[in-house]
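Spelled out, the chains give:
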Amino acid sequence: WKYEFLYLPFIMPFVLVSLFTMFIFRKDLQRTPREIVGVVTGRLANPAIALLGALCLVQLLLKIDTAAPAYILGTVLADWFKQGFIVITPLLGALGSFFS
């Protein structure tokens, strides 16, 4: 499992632009860059944990094989619901499209 960090869409527009802006307006800053980074890091800690969890879940669901979690979940639910599985498949499809 390899993840390219620079493919993340927030790096170029947000991180680099904010660093460049801090460099340009460094005379007008009311707080030190260390304090600013501390506040931003504190605010982003919980969302970052949630996003990393979602990223791990998506990578698990993208596996292709009979041992993949999505395959196991689908076969277990199909065995559970028998003919009623047709009713819940649109919901599962919507859930799958949300994660991928």
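Here the structure is a predicted model, which means the values were calculated and not measured. Numbers given to residues run from 1 along each chain, matching the order in which its sequence is written. Per-residue local features are limited, in this predicted model, to residues with pLDDT of at least 70; the limit for side-chain atom pairs, both in listing and counting, is 80 or more; totals at the level of whole chains, interfaces and linings are taken over all residues. Only hydrogens and water are removed before side-chain values are computed, so all heavy atoms of the structure are retained for them.

Asks: Let's hear about the overall build of the protein chain: which residues, and what values?
Replies: Secondary structure summary: the protein chain contains four helices and zero strands in total. By definition, any uninterrupted DSSP run of H or I lasting at least four residues is a helix, any uninterrupted run of E lasting at least two residues is a strand, and each is numbered from the N terminus. If you list the helices and strands of the protein chain from N to C, you get α-α-α-α. A principal-axis box enclosing the C-alpha atoms of the protein chain has dimensions of 70 × 25 × 20 Å. Throughout, exposure labels follow a simple rule: accessible area from a 1.4 Å probe, protein chains only, divided by the maximum for the residue type, with under 20% read as buried, over 50% as exposed, and the rest as partly exposed. Buried positions account for 7% of the 100 residues belonging to the protein chain.

Asks: I'd like to hear about helix 2 (residues 33-61), residue by residue, with values.
Replies: Under the convention used throughout, the expected extent of a helix is 1.5 Å for every residue step, that is, one less than its residue count. The end-to-end C-alpha distance of helix 2, which contains 29 residues, comes to 39 Å, matching closely the 42 Å that a straight helix rising 1.5 Å per residue would cover. Each residue is assigned a bend, namely the angle between axes fitted to the seven residues that terminate at it and the seven residues that start at it. Along helix 2, the helix axis deviates most sharply at Ala45, where the bend reaches about 45°; the proline Pro47 sits within four residues downstream.

Asks: Can you break down a nonpolar patch on the surface residue by residue, with the values?
Replies: Like-charged residues are merged into a patch within 9 Å and nonpolar side chains (Val, Leu, Ile, Met, Phe, Trp, Tyr) within 5 Å, provided each residue has over 30% relative accessible area and no salt bridge. What sets the accessible areas is the Shrake-Rupley method with a 1.4 Å probe; for residues, cover comes only from the shown protein chains. Here a salt bridge means any side-chain nitrogen of Lys or Arg lying within 4 Å of a carboxyl oxygen belonging to Asp or Glu. Among the surface-exposed residues, Phe5, Phe10, Met12, Phe14, Val15, Leu16 and Leu19 lie close enough to one another that they form a single nonpolar patch of about 720 Å² accessible area. Mapping Phe10 onto the fold places it in the segment before helix 1 (11-24).

Asks: Explain the environment of Ser97 residue by residue, including any values.
Replies: Tracing the chain through its elements places Ser97 in helix 4 (residues 85-99). A relative accessible area of 52% means that Ser97 is categorised as exposed. Counting along the chain gives 11 residues from Ser97 to Ile86, while the straight-line C-alpha distance between them is 17 Å.

Asks: Could you give an account of the packing of aromatic side chains, naming the residues involved and the relevant values?
Replies: In this scheme Phe, Tyr and Trp rings, the latter by its six-membered ring, pair at centre separations within 6.5 Å, and the angle between planes marks the pair as stacked below 30 degrees, edge-to-face above 60, and tilted otherwise. Applying the stated criterion across every chain, the model contains one aromatic pair. For the ring pair Trp80 and Phe81, a centre distance of 6.0 Å and an interplane angle of 80° mean the geometry is edge-to-face. Whether a charge lies above a ring is judged from NZ of Lys or CZ of Arg, which has to be within 6 Å of the ring centre and within 35 degrees of the ring normal. Sitting above the plane of the Phe23 ring, Arg26 keeps its charged end 4.4 Å from the centroid.

Asks: I'd like to hear about the layout of surface pockets, residue by residue, with values.
Replies: Cavities and pockets were defined on a 1 Å grid built over protein atoms only: a cavity is a set of grid points that admits a 1.4 Å probe from which the probe cannot escape, a pocket is an open set flanked by protein on both sides within 12 Å along at least five of seven lines, and lining residues are those with an atom within 4 Å of any such point. Grid points are joined across faces, edges and corners, and a volume is the space filled by probe spheres set on the points. Here the largest pocket defines a volume of roughly 660 Å³. Ranked by residues supplied to the lining of the largest pocket, first place goes to helix 2 with 12 residues. When grouped by side-chain class, the residues that make up the lining of the largest pocket number 17 nonpolar, three polar and no charged. We call Asp, Glu, Lys and Arg charged. Ala, Val, Leu, Ile, Met, Phe, Trp, Tyr, Cys and Pro are nonpolar, and the rest, Gly among them, are polar.

Asks: Give a detailed account of the confidence of the model for the protein chain, specifying residues and quantitative values.
Replies: Every residue is assigned a pLDDT by the predictor, reflecting its confidence on a scale from 0 to 100. On average, the protein chain scores 82 in pLDDT, and the residues at 70 or more come to 95%. Mean pLDDT across the secondary structure elements of the protein chain bottoms out at helix 4, with 81, and peaks at helix 2, with 86.

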